Amino acid sequence: MSVDYFHIMRPGNNSKTVLKVTGSCKGPVVSLSDLKINFGCLFLGDTLTYSMEIANTSDVPTYYQFDIDCSQSVFVIDRRWGSLAGESTETLKVTFRPTHPMNYYRRVACLIHHQDPLFLDLFGTCHSDQVTPAILKAKHLEVYHTNMIRGLTFYPPDILTMMLQEGKLQLDLEGALVLVAEKCCKPIEKLDKTEDSSETAASFPNVPSINEYFDDGIQSSLTMFPPHVSVNMREFNFGNCLELDRVVPLPLSMTNHTRGKITVLWVTLPGSIFTVVPSTIDIPPLKNMAFRLHFAPDKFNMLYAAELECFAYYKVMRDHRLVKDIFSPPWFLSVRVQATTIQPGHEAFHPTFTLDSSELIFPAVNEKGSAYKTLLLKNTGDTPITFSLHSPQEEIIRIKPSFGFILPKAHQIFTVKASPQSDVLTKYTLPLHLNASEKYNKDLRLFCMVEKPLVTLDGNGYLYFKPTCIGTLSERSYFITNVTRMPLYFQWKIPTAGNKILTVKPSFGIIQANESLAQSWAFFPQEQQKYFLKPHIYVWGVKGPHCTEQGKKIRFTLRVIGEGTMGKIMAEKEHMHLGDILIGNTQSGDLTLLNNEPCALNFALVVKQDITGLCDPDVVINDPMAFELEYHHGTIPARSKLLFGFVARPVRRVRYTWTITSKILSTKVLDDVGLKEEKPLCYVTADGVYPMVFISDARCLGSISGISKQQLWRLFSLDLLNEYLQRDPTDGELMYRVPTRHSTSRCPPVSTPVMVDFNFGAAPVCSDPSIVLLMLENKEILPVDWAFLFPVDQMLDLEYWAETGEFNPTELHEMRIEDNRLFTVEPKSGRLLPGQRETIQLNYRHEFTGTDRIPVLLKLSHGREILLNFIGITVPKDHCYVHFLATQHMFAPVCIDTANPPKQIYELYNGGSVRVIYDIQLDSVKNIQEMNYDHPIFQCLNPRGEIKSGMTGYIEWIFSPLEAKSYTVNIPIHILNGDSALVTITGIGYDKRILGTCASFNDPSSYAGAPAIQRAPVLGQLMFMSEERISFGNIPVFTKSSRIIFLYNVSETEVITYTWHSTSVHVSEALTIAPICGVLHPGDSTHCIVTLRTHKIPCFYDLDLICEVYSKRQLTGYQKELLEWEREKDRQQVEFTITERSMQDNQSSTFQRQCCRDAAGACARKAHKDANSKILKYKTLPPIKEMAETWEGRNVEKLPPGLWEKPKPPQAFLLHLGVTARAHSMEEYHKNFTSDVSRHYIMRNLISAPLSAISPDRSWGKWTDTCTDPLIFASKDDRRLTTDILSTVLRCLLEDVSFQQVLAAQSAEPIPYFVQFWSEEGEELAIKNAKIAEAEAEAEALSLHPVAEPGQDNPQLSGSEGESSTSDPESSDHVKQATAAESVEMDETLLMEEGQEFLHAIRIEEQLARRQHLKRLPEISDLLELILENTLQNIVIEASRGEVVLTARPRVIALPPMTSRNSLEPLSTHEITLVNDEVDHASPESGPKDGVKETGTANPPVPLSIA
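The numbers attached to residues start from 1 for each chain and follow its sequence in the written order. For a predicted model such as this one, the threshold for reporting local features is a pLDDT of at least 70, and the threshold for listing and counting side-chain atom pairs is 80 or more; totals across whole chains, interfaces and linings nevertheless cover every residue. Hydrogens are left out, water is left out, and the side-chain values use all remaining heavy atoms of the structure.

Draft legend 1. Fine view of the packing of aromatic side chains. We call Phe, Tyr and Trp rings a pair once their centres come within 6.5 Å, taking the six-membered ring for Trp, and we label the pair stacked below 30 degrees between planes, edge-to-face above 60, and tilted otherwise. Going through the model one piece at a time under the given rule, you end up with 45 aromatic pairs. Ring plane angle 25 degrees and centroid distance 4.7 Å describe the contact between Phe 823 and Tyr 844, whose orientation is recorded as stacked. Of this pair, Phe 823 sits in strand 57 (residues 823–826) while Tyr 844 sits in strand 59 (residues 837–844), placing them 21 residues apart in sequence. Each residue is placed in one exposure class: buried if its accessible area under a 1.4 Å probe, protein chains only, is under 20% of its type's maximum, exposed if it is over 50%, and partly exposed if it falls in between. With relative accessibility at 0%, the residue Tyr 844 sits in the buried group. A ring is considered to have a charge above it if a Lys NZ or an Arg CZ atom is located within 6 Å of its centre and within 35 degrees of its normal. The aromatic ring of Trp 540 is capped on one face by Lys 553, whose charged end is 4.3 Å from the ring centroid. Arg 816 extends its terminal NZ or CZ atom over the ring of Phe 848, reaching a point 4.6 Å from the ring centre. Secondary structure counts use DSSP, requiring at least four H or I residues in a row for a helix and at least two E residues in a row for a strand, with both numbered from the N terminus.

Now the structure itself:
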């Protein structure tokens, strides 16, 4: 192989590119089909021919030549020379023509140009009638070669047979001989020194053919094996013979080197010019014999040349009977002879030839090495050419054949061997003699040399490694260059101290001539230090196929310098959050790694996945890795950054946490330093999400506006729908990720496993549509595409011919619904951005009586599919119908040890146009009671009742379990003149001792799924509430709880009025609201106080209040129109016109308005008449839908001309306020809610008050308006006039002097609040003091002072004073003066007695006892509770108006020192009066407000009294 390098440089650029060029010479590849040809046994005189092929498998043409003279040989090759084209094959014929009965064996060399020679073994046997030698076979040749390498072929077969019989020899498995004795048959002469005397038997070596061809012992002293027979000369030249009959024979000598007698036979064919005498002779062992070589030419001026054959064999081989197991083939010898008969005056034949090259340049070789080349000489003439080559330095240059001839048109292949001895390129000249004439000589120039191994090391023999982390690998490429022209072996030797630190690959190999070989060096530092190492490289020559010597090894030294340091990898961000990723999509990012150390680091990244969230750990553990790195390993240079791309692909709706850990890589583990996994580099988190929405609010309008929000929530199963929307979609739901038409059926297949009922309730036919507004909200960060798909939206658009036209009843029913648009959704599809909301309107038109159903698919793109079953019920007119919200109802669980089980509610909704009367059959309840020891498990408190149209009836139940189990009862509910139903009621009793803390009570607000704040706006809604649902939580019985809600008028132009109504007596008994009506100006707001009073029976409260909202403008317009209509009606009742008959025709054209008393009846009669006339005229089939019975047909009817319909009142906008609570008994509340007992105030006056006395003034459905404001319907001018009049009156009163005096005198009077406090002990004490005073008065007649001294506290007198003060003020003052005078007289008398101190102590004790008793009175507690409640409500209201800032920093007020209760002095009447004066002169804003008067501001009057 040849290697060279070219440097490519661009002009004006310093960059340089190295181009490595390698090439190898491609020569011919010639092979013989048969390397051995066995002709078998022939009789003397017979011939045998075999065919063989010679093939060239290479595409390079070549020449071949068999080194044999077929004219003088027993073996004849028809074409012993020729040429072979590339990839060609030629067939040769080989003929065997024996001349004597014997064995024949000749090894013929096949010379090939530019290739090593091949050898062909030709052998055969010839028999005659007298001589029958043993037949020679191929196996005999193999055994002979083995015996020859073992040195046993120098003994004749008879001797070897005898030795075998004596046991000195033995046969191996292949039949070859093996010596047994160690000192058997020692060699006699030095030539036998190569005989094998070892115990191990040798086998025939694989000798290169070129060595076998040259080292034959003929032209050189070197030989592969010692010869058995040899001749003294192989080349003979008779010269120029001028006389044909006087040619002098040439002597020839042959030597027998064996230890047996041999027979020599020279092959002489008839008519041969050259002969050997004698032709056959026996030669004794180790003897020689002389022969004569005769030349008998027959023509002058001729060239003669030939090759004479000779076969020698052991004489014992002449007969097969003398040979048993050991066989020895004959040996072949040949001599080349030349002669000329050129007469004087005649020139020699002019040689015409071509020589492929006159110069041969041999490749460089090692010392004692050899190189071979071939040379082609073509005879292009018609005369033969003789040649002779004699090298002046046989030990350096040898050529074979050196003597011979070339026939016309033939060629000769020479093989030249060079064995140079100098390391300098040397030129050798080899003369080529042609036709024995000097003028045809030609010189051949040969160049060869010996080269010593030499390599150059890159970097002047220095190798530097960059700083490397301890325990890691640092690699670097290093070049060594072979500067010689021969390939070299190289081998690196690293010192023992550096074997674990330094390695090189490859450490041993071959480097071609002129090649720069890149080697990979690896540095493994073990400590933090600098390293200096000196590895050595040894180079020597390559032992090739022609060169058996390797040469001397030469050593070169390399200096390696490196440093070991510490290394650490960090991440630029320790925490990365990818946010929410849509499942099925990918999120890519970059991970930045930092290396602040001076060494480059090879690292591998390990990712660990943790999944948290609502998932099964046993399932998600088998999930594939959802985080893919662009590269899991790499190299980060020193003091640099490296970016790694990654892709996150979540497959579940969970929180993914990927912990990325780095590990420094090394391909070698050191002994002292172990590689440890570092701390996590960073944490990457992401949330796999699906597009999700939820229903945040719902509103109902139209025919179902009377149901509460909680009932609507249950009718549409919105809690269940929101639960399904929060779940992960199934695989079937993700089959179509976006809304797609995929079905050929009108009832498309459903791939979702969940279904939700959307029940629009029930309403009479021809009533307003049932409208439901749903608020869809997207709280995720991904946009959501949603769509409501009706069956027709999922059906493929088929051609007309593809439709069958046959429909089942379900398809016909759905087609009727779709054609008449009974169910509509607007909008049907949309897109919600993150945080966006959208209101969806669902309509159901009550046009056909009966139940309508249609499946609608709610599809979220890339998310859930939920089947919505739209259900609507239309009730015939004047038909009793109760819509059961659920036919299976479950009560709240009740503990078995509850003494007072709570009252629970089951609701019935009247969806018809008339009131209904229900009757509940309690037979099954009685059966359960009898089965449970006559204990009332289920009690129905109102089994009979009536429900108004559009209202909800509340059936009260008490569930009282005996055992911890489930109770179920089937209750038949009969509706008078309507359909009945069977309702299954289930109750669960539990044992708190078993459940423990699991049996705790929940907040009642958690049972309701409806939101407390309105989110879905309604078109035309003018007023909003701050809360739509109020939860009082768990409260005890006999309590009063209040909440404040605010009402807002969002209109900028409309003035609105509102009125609160209760839906049933059940609501009005427990719930009150104040004020129940009011007016809100544009942009104004007000408050309402909702109060819940719980009574003796524990109960679940789920109450609903309705607020009717009217626009004042519309209401005023209605009143005006109604007033005009009534005036016109009264006028028509008292006025009449008398006309003549002749004028009736003229009067018929005049128009006169008439008031319609029964406009609807007239329209119905007219429509019935028109319908009958149409039927009689056309006699067609009845229409599919009757216009008069549909909602649209109702609007088509028109009044007859001339009728004035009575104005209809404006339709109120209804708002629902839901209230939930659970009332517990006192014992149960103290047991389960100990910490909340202090939060509630027990009203003891409710304990003894009957339920009927709580709200006697409330009627069915609404409260009595006791606070009607006369200015509600007043105009703006009227309100301004009223304000001015009142302001003038108040101003005049304040300026009046007498009015001011009256106010001053009234403020000086004592506050008679003590008249409310009365007790039996105080009454007895007052009577006792009165008797004592009377006795003292009789004893001493003292005059009384007109002014009474304050300080007396007589309840009896106070009570009489309170009674008389209401009737006569003058008599009251007289009594007060008399009583005060008597008291003063009695006190003066007692002070003069010794018991004055005792009486003073008694008074103090009585005062303290009276105070303690007053505090324990329920009236005082109720008053304090009412004052505190009003105070807190005022603060909240003022804060809502901006008058008070609750978050402001409080002021620091210094309080007076506290006084002990024992040191309290009795308060006199004068002290009480002074305190009252201070309170009256204080700011009115600081006291509790009983009401707020309208002063022309935007705030309307809002009374604060609790209803």
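Draft legend 2. Inspection of the pairing of strand 16 (residues 250–256) at higher detail. DSSP calls a pair of strands paired once it identifies at least 2 bridges connecting them. Across three bridges, the pairing between strand 14 (residues 229–231) and strand 16 is antiparallel. Bridged to Val 231 within strand 16 is Met 254. For strand 16 and strand 20 (residues 288–295), the ladder comprises six bridges, and the chain directions are antiparallel. What sits directly across from Met 254, in strand 20, is Met 289.

Draft legend 3. Expanded view of helix 1 (residues 138–149). A helix is expected to reach a length of 1.5 Å times the quantity of its residues less one. For helix 1, which comprises 12 residues, the first-to-last C-alpha distance of 17 Å matches the rise-based estimate of 16 Å (1.5 Å per residue) to within 8%. Of all the residues in helix 1, the buried ones are Leu 141, Val 143, Tyr 144, His 145, Thr 146, Asn 147, Met 148 and Ile 149. Where the residues of helix 1 are buried, they touch strand 10 (103–112), strand 11 (115–127), strand 13 (177–179) and strand 22 (331–340). A positive phi of about 75 degrees marks Gly 151, the residue just after helix 1. Whether two residues are in contact is decided by their heavy atoms: any pair within 4.5 Å suffices.

Draft legend 4. Examining the sheet that holds strand 72 (residues 1023–1025) more closely. If you walk across this open sheet you meet the four strands as 72-74-78-76, and the pairing is antiparallel. Unpaired on one side and paired on the other, strand 72 and strand 76 (1071–1074) mark the two borders of the sheet. Going from strand to strand, the sheet's axes swing by 25 degrees on average, the running direction of each strand aside. Pairing of strand 74 (residues 1040–1049) with strand 78 (residues 1085–1093) involves nine bridges; the strand directions are antiparallel. Lines fitted to C-alpha atoms define the axes here, with helix axes fitted over just the stretch in contact, and angles between the N-to-C directions of these axes take values from 0 to 180 degrees.

Draft legend 5. The pattern of salt bridges, seen in detail. Each salt bridge in this description consists of a side-chain nitrogen of Lys or Arg and a carboxyl oxygen of Asp or Glu lying within 4 Å of one another. Within the structure shown, the criterion is met by 46 salt bridges. Two residues, Glu 907 and Arg 714, come together in a salt bridge whose shortest N-O distance is 2.7 Å. Of this pair, Glu 907 sits in strand 65 (residues 903–910) while Arg 714 sits in helix 5 (residues 709–715), and the two are 193 residues apart along the sequence. Of the residues examined, Glu 907 reaches a relative accessible area of 11% and is grouped as buried. Overall, the relative accessible area of 38% leaves Arg 714 in the partly exposed class. Linked by salt bridges that have partners in common, Asp 697, Arg 699, Lys 709 and Glu 1028 make up one network.

Draft legend 6. Spatial organisation of unusual backbone geometry. Omega for the peptide link from Lys 400 to Pro 401 comes to -5 degrees, which places this bond in the cis form. Following the sequence through the fold, Pro 401 ends up in the loop between strand 27 (397–400) and strand 28 (403–406). The step from Lys 505 to Pro 506 runs through a cis peptide bond, and the omega angle for that step is -5 degrees. Mapped onto the elements, Pro 506 comes out in the loop between strand 37 (502–505) and strand 38 (508–511).

Draft legend 7. Representation of the environment of Leu 860 in the model. Within the secondary structure layout, Leu 860 lies in strand 60 (residues 850–860). Under the relative-accessibility criterion, Leu 860 is labelled buried at 1%. The sequence separation of Leu 860 and Leu 725 amounts to 135 residues, and the corresponding C-alpha distance is 9.4 Å.

Draft legend 8. Focus on the sheet that holds strand 21 (residues 303–314). Spatially, the five strands line up as an open sheet ordered 15-22-21-17-19, and their pairing is mixed. The open sheet has two edge strands, strand 15 (235–240) and strand 19 (280–283), and neither has a second partner. The average angle at which neighbouring strand axes cross in this sheet is 20 degrees, direction not considered. When strand 17 (residues 262–266) meets strand 21, the two strands line up antiparallel, connected through five bridges. Paired with Thr 263 across the bridge in strand 21 is Tyr 313.

Draft legend 9. Up close: helix 11 (residues 1112–1134). In this model, helix 11 (23 residues) spans 33 Å end to end at C-alpha, consistent with the 33 Å of a helix rising 1.5 Å per residue. Residues Lys 1112, Leu 1115, Tyr 1118, Leu 1122, Trp 1125 and Glu 1128 constitute the buried set of helix 11.

Draft legend 10. Quick peek at a nonpolar patch on the surface. There is a patch of nonpolar side chains on the surface, built from Leu 1281, Ile 1285, Val 1289, Leu 1290 and Leu 1293 and spanning about 450 Å² of accessible area. By secondary structure assignment, the location of Leu 1281 is in helix 17 (residues 1276–1295). Only residues above 30% relative accessible area that lack a salt bridge enter a patch, with like-charged residues linked at up to 9 Å and the nonpolar side chains Val, Leu, Ile, Met, Phe, Trp and Tyr linked at up to 5 Å. The method behind every accessible area is Shrake-Rupley, applied with a 1.4 Å probe, and residues are considered shielded solely by the protein chains displayed.

Draft legend 11. Inspection of the pairing of strand 79 (residues 1099–1111) at higher detail. The element strand 79 is extensively covered by neighbouring structure, given that 10 of its 13 residues are classed as buried. Examined bridge by bridge, strand 75 (residues 1056–1062) and strand 79 share seven bridges and lie antiparallel to one another. Its bridge partner lying in strand 79, His 1061 is registered against Ile 1106. Bridging between strand 79 and strand 82 (residues 1213–1224) involves 11 bridges; their strand directions are antiparallel. Note that in strand 82 the partner of Asp 1104 across the bridge is Gly 1218.

Draft legend 12. Quick peek at the environment of Thr 986. Its place among the elements puts Thr 986 in strand 71 (residues 981–990). When the C-alpha atoms of Thr 986 and Thr 968 are compared, they prove to be 4.4 Å apart, with 18 residues separating the residues in sequence.

Draft legend 13. Summary view of the environment of Asn 843. Position of Asn 843 among the secondary structure elements: in strand 59. Remark: the alpha-carbon pair of Asn 843 and Thr 824, spanning 19 residues in sequence, is separated by 5.2 Å. Setting aside residues no more than four positions away along its own chain, Asn 843 makes contact with Phe 760, Ser 770, Ile 771, Leu 822, Phe 823 and Thr 824. Whenever two N or O atoms come within 3.5 Å, that pair is a polar contact, provided that in protein one can donate a hydrogen and the other can accept it, and provided that, for residues adjacent in sequence, both atoms are side-chain atoms. Within the structure, Asn 843 has its side chain in polar contact with the side chain of Gln 841 (distance 3.0 Å).

Draft legend 14. Structural view of the nonpolar core. Phe 66, Met 254, Val 264, Trp 266, Phe 274 and Phe 295 are the most contacted members of the largest nonpolar core, which totals 75 residues. By residue number, the principal contributor to this core is strand 21, which donates eight residues. Among residues more than four places away in sequence, those in contact with Phe 66 are Leu 32, Ile 77, Arg 79, Arg 80, Leu 92, Val 108, Ala 109, Cys 110 and Leu 120. The definition of a nonpolar core used throughout is a set of buried Ala, Val, Leu, Ile, Met, Phe, Trp, Tyr and Cys residues joined through side-chain atoms within 4.5 Å.

Draft legend 15. Local environment of the confidence of the model for the protein. The predictor's confidence in any single residue is recorded as pLDDT, a number from 0 to 100. Counting all residues, the mean pLDDT for the protein is 79, and 79% of those residues have values of 70 or more. Below a pLDDT of 50 lies the segment residues 183–200, which in the model reaches 24 contacts outside its immediate sequence neighbourhood of four places, other chains included. Note on residues 1460–1507: pLDDT under 50 across the span, and 77 contacts to partners over four residues away in sequence or across chains.

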